[in-house]
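Spelled out, the chains give:
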Amino acid sequence: MDVLARRQQQVLCDLKWQKFIRRTWVFRHIPFVTAAFGAGSLALGNVNENSDFDVLICARAGRIFTARFFSAIIFGFLGLRRSRLDHRVSAKDKVCLNHFVTPASYRLRLTPNAYWKLLYQRLVPVYGAADEVQKFFDANRDWAGERERVVDQRHLWKTGSGIKRLQEQMLGGG
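Residues numbered from 1 in each chain as written. Predicted model: local features only at pLDDT ≥ 70, side-chain atom pairs only at ≥ 80, totals over all residues. Heavy atoms only, no water.

(A) Structural detail: the overall build of the chain. Helix and strand content of the chain: 7 helices and 4 strands. Ordered by position from N to C terminus, the α and β elements of the chain give α-β-α-β-α-β-α-β-α-α-α. Taken over the C-alpha trace, the chain has a radius of gyration of 16 Å; the compact-globule value for 174 residues is 16 Å, and the two agree within 12%. Along the first, second and third principal axes, the C-alpha atoms of the chain reach 60 × 40 × 30 Å. Within the chain, the proportion of its 174 residues that are buried is 45%. Within the chain, contacts between residues at least 6 apart in sequence are counted, and of these 78% link residues at least 24 apart. Accessible surface, the chain as shown: approximately 9,900 Å² in total, 55% of it carbon and sulfur. The average position of the 28 basic charges and that of the 15 acidic charges among the side chains of the chain differ by 5 Å. (Helix = DSSP H or I, 4+ residues; strand = E, 2+ residues; numbered from the N terminus. Rg over C-alpha atoms; globule rule 2.2 N^0.38 Å. Buried < 20%, exposed > 50% of the residue type's maximum accessible area, 1.4 Å probe, protein only. Contact = heavy atoms within 4.5 Å. Areas by Shrake-Rupley, 256 points an atom, 1.4 Å probe, with all protein chains shown as cover. Lys, Arg positive; Asp, Glu negative; His and termini not counted. Charge placed at Lys NZ, Arg CZ, Asp CG, Glu CD.)

Given below as structure tokens:
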């Protein structure tokens with residue numbers, strides 16, 4: 001890839017990150033979501049004009065399906081979610097909720113290969129308390145490598161909203 005093509009790819013990647021970051025505030029309002037990471041082609045820096053935004057979402061133990069349900073509903077209602085039937089142009093700049101984990105499954109259970117290692121090394125936290133983000137990275141340290149606490153400007157949202165806390169209280173059970 002020549003210098004001009006690399007520069008164009010970097011500019012496109014930066015623009016995609018800006019668009020994605022403008023959508024990450026939503027995670028602050030979804031009950032039982034503890035952290036969210038930019039993943040896929042966005043994290044790897046391998047985007048094209050029609051790329052969507054892949055997300056890895058951490059949910060509280062025992063609440064993965066509730067977190068999944070509210071993620072799909074809220075992102076869908078706002079018109080930000082990629083639906084299963086979206087392809088190419090219609091998926092452009094939509095959030096793809098494709099990977100949900102709980103603390104018991106933070107560690108990747110597939111046999112790690114070069115792709116998984118590179119992806120997990122480049123995951124970018126966009127929501128969640130620093131301790132929760134670090135727990136995820138620590139769970140994968142043995143095969144993906146050390147991820148120290150890094151200050152990343154894209155990690156804007158560290159705490160949930162009052163609406164989220166109220167929802168969790170109402171849905172938390174007795």
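Moving on from the model shown.
(B) Inspection of the sheet that holds strand β4 (residues 124-128) at higher detail. The strand order β3-β2-β1-β4 describes an open sheet built from 4 strands, whose pairing is mixed. Among the strands making up the open sheet, the edge pair consists of β3 (95-101) and β4. Averaged over neighbouring strand pairs, the angle between their axes works out to 25 degrees when direction is ignored. In this structure, strand β1 (residues 33-38) lies alongside strand β2 (residues 53-59), joined through 5 bridges in antiparallel fashion. Note that in β2 the partner of G38 across the bridge is V55. (Pairing = 2+ DSSP bridges. Axes fitted to C-alpha atoms, helices over the stretch in contact; angles between N-to-C directions.)

(C) A nonpolar patch on the surface, seen in detail. A surface patch of nonpolar side chains, amounting to about 350 Å² of accessible area, comprises W25, F77 and L78. Here W25 shows up in the loop between α1 (3-21) and β1. Judged by its relative accessible area of 36%, W25 is partly exposed. (Patch = residues over 30% accessible without salt bridge, like charges linked within 9 Å, V, L, I, M, F, W, Y side chains within 5 Å. Salt bridge = Lys/Arg side-chain N within 4 Å of Asp/Glu carboxyl O.)

(D) View of the pattern of salt bridges. Counted under the stated rule, the structure contains 10 salt bridges. Taking the shortest distance from any N to any O, the salt bridge between D93 and K16 comes out at 2.5 Å. Note that D93 is positioned in the loop between α3 (64-77) and β3 and K16 in helix α1, a separation of 77 residues in sequence. Across this residue pair, the class does not change: D93 and K16 are buried. Note that D93 and K19 form a salt bridge whose closest N and O atoms lie 3.1 Å from each other. Here the residue D93 occupies a position in the loop between α3 and β3, and K19 occupies one in helix α1, the gap between them amounting to 74 residues. The partly exposed category is assigned to K19, whose relative accessible area is 25%. Where salt bridges share partners, they join K16, K19 and D93 into one cluster.

(E) Looking closely at α3. The first and last C-alpha atoms of α3 sit 20 Å apart over 14 residues, in line with the 20 Å expected at 1.5 Å per residue. Of the residues making up α3, those classed as buried are A67, F70, S71, I74 and F75. Along the long axis of α3, the arc covered by the buried residues comes to 115 degrees, so they all point the same way. The exposed set on the far side of α3, more than 90 degrees from its buried face, consists of F65 and F77. Considering only its buried residues, α3 is in contact with β1, β2, β3 and α7 (162-171). Immediately downstream of α3, the backbone of G79 shows phi near 75 degrees, a positive value. (Expected span 1.5 Å × (residues − 1). Arc of directions from axis to C-beta.)

(F) Main features of the nonpolar core. Among the nonpolar cores identified, the biggest contains 28 residues, and W17, F20, F27, I30 and F75 are the most heavily contacted of them. Looking at this core, the elements with two or more residues in it are α1, β1, β2, α3, β3 and β4. The element best represented in this core is α1, accounting for 5 residues. Counting residues in hydrophobic clusters, the runner-up holds 18 residues, among them F37, L119, Y120 and F136. (Core = buried A, V, L, I, M, F, W, Y, C linked by side-chain atoms within 4.5 Å.)

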